[in-house]
Structures are given as C-alpha cells and as structure tokens.
Amino acid sequence: MFEETKKGFDWFSLIVGILFLIAGIASFNRPDRTLRFLAIVAGVAFIFRGIYELWFRQRISQLLQEASGWLIFSAILDIILGIIFLFQPSFGVLFIAIIFAIWFILDSITELLSAKFFKEFHRGYYWFIIILAIISLILGIILLFSPLLSAITVVWLVSTFLIVFGIMKIIQAF
C-alpha cells in the first residue's frame, strides 16, 4: 500500500550542515569577531532598509500623492546607522547588546501582562509564567546594565543556532 521511496544522499545539505557547524564552533571560539561580523551585517541591513524606504516613499508619493516625511526621516536614520555600523563596528556591537537587553525586558513585561489570561484556566501554569517572567525581567535588567554580558549572550545564541542548524542539515543529508 505505501511505497517506500528511497532518496539519494544530499550532498548540498551535508556541505551546508558542515559549514554551519564550523561557523558555530568558530563563533563560540571567537566571540569578538562574531560580534563585529553581526554589527557589519546589521549595518548592511540598515543601509538596504533605508534605500528601500526611500524607494517606497517615492512610490507612495507617485501612487497616493501623499507626503511622507516620516519615511524620509526613517530612511535617512537607517542609512546613517548602517554607515556607522560599517565604519564603527564597536558602536554596532554596543547597539546590538543594548537592543537585545531591551527586547528581553519588553518580552518579559509582555509575558507578565499576558499571564492573567491563564489564571482562570490553570493556576499552576499562571504562577509558572509569572515566576519565569520575573526572572527574565531581572535578567533583562542585568543585561541592560552589562552590555558585555548581553553581547556574549547574543554570540552564544547565534553560535548555538548555527551548530543546531548545522547538525540538522547533516542529518537531513542522509
């Protein structure tokens, strides 16, 4: 009834997996270079986003005959940030570390606020969410006042992702 399909060996997945695995291990071993690389990638992304926003603003003006000064401001800010990240990666690293800490804090606050929806369904789960959100909030505040720790945490997360993704791709090859 069910036919077994045998797939061939996937060399591409194996190569991609090995590259990601190597990148993950290298990023664990050289967190300073990883952070600089992330800052440069973020800088390039900011520049492309700024260019896209300028193009999008032009399209809005053509189609809707509407002024959109805020889009020009946002685009220029993105391009300036991108240039700063490219030429001053240490600023980019600090920026990434602070944004990561703020994101951690905001996510924790969101969890605290949304926990009330679980109070009626399962009190144990409600308290579990509250306790973890408070711990996360405290960690976020610590990360905010310790950008070095925040930056190292970002590197650890990126490195772990690269290694896990690499292993998954290697397994997928077989």
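Basis of the calculations
Residues numbered from 1 in each chain as written. Predicted model: local features only at pLDDT ≥ 70, side-chain atom pairs only at ≥ 80, totals over all residues. Heavy atoms only, no water. Helix = DSSP H or I, 4+ residues; strand = E, 2+ residues; numbered from the N terminus. Rg over C-alpha atoms; globule rule 2.2 N^0.38 Å. Buried < 20%, exposed > 50% of the residue type's maximum accessible area, 1.4 Å probe, protein only. Contact = heavy atoms within 4.5 Å. Areas by Shrake-Rupley, 256 points an atom, 1.4 Å probe, with all protein chains shown as cover. Lys, Arg positive; Asp, Glu negative; His and termini not counted. Charge placed at Lys NZ, Arg CZ, Asp CG, Glu CD. Phe/Tyr/Trp six-rings, centres within 6.5 Å; stacked < 30°, edge-to-face > 60°.

Colleague: Mind showing me how you'd approach the overall build of the protein chain here?
Modeller: The secondary structure content of the protein chain amounts to seven helices and zero strands. Traced from its N-terminal end to its C-terminal end, the protein chain shows the element sequence α-α-α-α-α-α-α. Its C-alpha atoms give the protein chain a radius of gyration of 22 Å, more than 25% over the compact-globule value 16 Å for 174 residues. Principal-axis analysis of the C-alpha atoms gives the protein chain an extent of 60 × 50 × 45 Å. Split into buried and exposed, the 174 residues of the protein chain put 28% on the buried side. Within the protein chain, contacts between residues separated by at least 24 positions form 76% of all contacts whose residues are at least 6 apart in sequence. Accessible surface for the protein chain amounts to roughly 12,300 Å². Of this, 76% is attributable to carbon and sulfur atoms. For the protein chain, the distance from the average site of its 12 positive side-chain charges to the average site of its 10 negative ones is 6 Å.

Colleague: Can you walk me through the packing of aromatic side chains in this structure?
Modeller: Two aromatic rings, taken as a pair, are described by how far apart their centres are and by the angle between their planes. All told, the structure shown has 15 aromatic pairs when counted by the stated rule. Seen in terms of ring centroids, Phe46 and Phe95 are 6.3 Å apart; in terms of plane orientation they differ by 75 degrees. Their pairing is edge-to-face. Pair noted here: Phe46 is in helix α2 (residues 31–64) and Phe95 is in helix α4 (residues 89–114), with a separation of 49 residues, a long-range link. Residue Phe95 is classed as partly exposed on the basis of its relative accessible area, which comes to 27%.

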